[in-house]
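Summary of structural features
The residues making up each chain are set out below.
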Amino acid sequence: MRAFGSRVSRAPLPDEMIEQILIRSEVSDLIRYRSVSKSWKYVISDPDFIKAHLEHSYRRDRENDKMGNRRIAMSVMRCSYWQYDADDILSVRRRRHLLGSSNGLVCVSPSRTKFLLINPETREVNKLEEPQIPREGYMIYGFGYDSSKDDYKVVLGFMKDSNHTCFLMFTLKSNVWEVIGEVNYTFISRVGVLYNGSLHWVVCHGSAYENPHVVLSFDLSEHKFEEIPQPCEWAERLGTMGGYLCIFNCLHKVVWMMCEYSVRPSWRLWTLKIRLRLKLCTA
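Below is a short write-up of the structure. By convention here, each chain's residues receive numbers from 1 onward along its written sequence. Note on the predicted model: pLDDT of at least 70 is required for a residue's local features to be given, and 80 or more for side-chain atom pairs to be given and counted; whole-chain, interface and lining totals, by contrast, use all residues. Calculated side-chain values reflect all of the structure's heavy atoms, with hydrogen atoms and water omitted.

Observations concerning the pairing of strand 8 (residues 151-159)
For clarity, the cut-off: Burial classification: accessible surface area is computed with a 1.4 Å probe over protein chains only, and a residue below 20% of its type maximum counts as buried, one above 50% as exposed, and the rest as partly exposed. The secondary structure listing takes helices from DSSP runs of H or I that are at least 4 residues long and strands from runs of E that are at least 2 residues long, numbered from the N terminus. What makes two strands pair is DSSP finding at least two bridges between them.
Among the nine residues that make up strand 8, eight are buried, leaving the element largely enclosed by the rest of the structure. Sheet analysis places strand 7 (residues 139-146) next to strand 8, joined by eight bridges and oriented antiparallel. Looking at strand 8, one finds that D146 is bridged to D151. Where strand 7 folds back onto strand 8 in an antiparallel hairpin, the turn is made up of four residues, including D150, whose phi is positive at roughly 50°. As paired strands, strand 8 and strand 9 (residues 165-171) are joined by seven bridges and run antiparallel to one another. Counterpart to G157 in the pairing with strand 9 is F167.

As structure tokens, then:
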């Protein structure tokens, strides 16, 4: 590849043009371009450039049918005719967990007290400080990006008794774990779904699984837990689809989509017709 601003053009390209070319480059190429010059390395390492490159990559992938629906999963368990993510089941037998992904970074836990932040493109691995947590018991996880603080956060919950869960939070900038509070819920799901700057779990009040299910959110910026209004009392799973937070009920084979965040009347029942689904959420 001919370097930008080579003698063939007799004049260097404007810095703005070089930056736009780099933004459209693949990560594997950017790793090599860092060796071209100190100025290129500075540009590629700048946080604003990284954000711009992520946004461009995200838009490009969304427009690609083969790339737009990519999903990271550590493993899958088959149960009857359904497939479940193993990390979405409250089991203490599993030793390795996928906490989530955000902006191309993936957070995994190879053991109960070890957490890694991985960039699959650059193969960089950041080992986080180990939290002080009990050696046994159910664990609740979450990982996401806080745009207000420009920081990545790991949320970790452990059960103190049958229906009390204590939460810790790790921020990448501070490099420390801190206690953020306790909640009086029983968690149906264990891995938080990141949407609108908050993590979401399916929970129920008290210690009885027979109680109506509730969607619990944790705002990564405000550090507050809050219940999200929902259209049904027996939500089983959470996810995102078409840019909206969704509730899945496998028993009744229905999916609800929340078209306006935290507004109960905005929930719309999803149908198998994609066009109708999009019309419901834009009406």
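Section: the packing of aromatic side chains
As a reminder of what qualifies: Two aromatic rings, drawn from Phe, Tyr or Trp (for Trp, its six-membered ring), form a pair once their centres lie within 6.5 Å of each other, and the interplanar angle then sorts them: stacked below 30 degrees, edge-to-face above 60, tilted otherwise.
A full pass over the atoms with the stated rule returns 11 aromatic pairs. With a centroid separation of 5.6 Å and 55° between ring planes, the pair formed by F115 and W177 is classed as tilted. With a gap of 62 residues between them, F115 in strand 5 (residues 114-119) and W177 in strand 10 (residues 176-183) connect regions that are remote in the sequence. Per residue, the accessibility class of F115 equals that of W177, and both read buried. Aromatic side chains F187 and W201 sit 5.9 Å apart centroid to centroid with 85° between the ring planes, which places their arrangement in the edge-to-face category.

With respect to unusual backbone geometry
Residues apart from glycine generally show negative phi values, whereas peptide bonds are mostly found in trans. The backbone of H223 shows a phi angle near 60°, a positive value even though the residue is not glycine. Among the structural elements, H223 can be located in the loop between strand 14 (213-219) and strand 15 (224-228). Although it is not a glycine, S262 adopts a positive phi angle of roughly 65°. In this fold, S262 is placed in the loop between strand 18 (254-258) and strand 19 (267-269).

Concerning the sheet that holds strand 4 (residues 105-111)
Either a parallel or an antiparallel arrangement is found when strands of a sheet pair, and the pairing is made through backbone hydrogen bonds. What counts, and what does not: For helices, the axis comes from a line fit to the C-alpha atoms of the stretch in contact; other axes are also lines fit to C-alpha atoms, and the angle between any two N-to-C directions lies between 0 and 180 degrees.
Overall, antiparallel pairing links the four strands, which are arranged 3-4-5-6 in an open sheet. The strands lining the two open edges of the sheet, one partner per strand, are strand 3 (97-102) and strand 6 (124-127). Looking at each pair of strands side by side, their axes are set apart by 25° on average, direction ignored. Pairing of strand 5 with strand 6 involves four bridges; the strand directions are antiparallel. Bridge pairing in strand 6 links I118 to V125.

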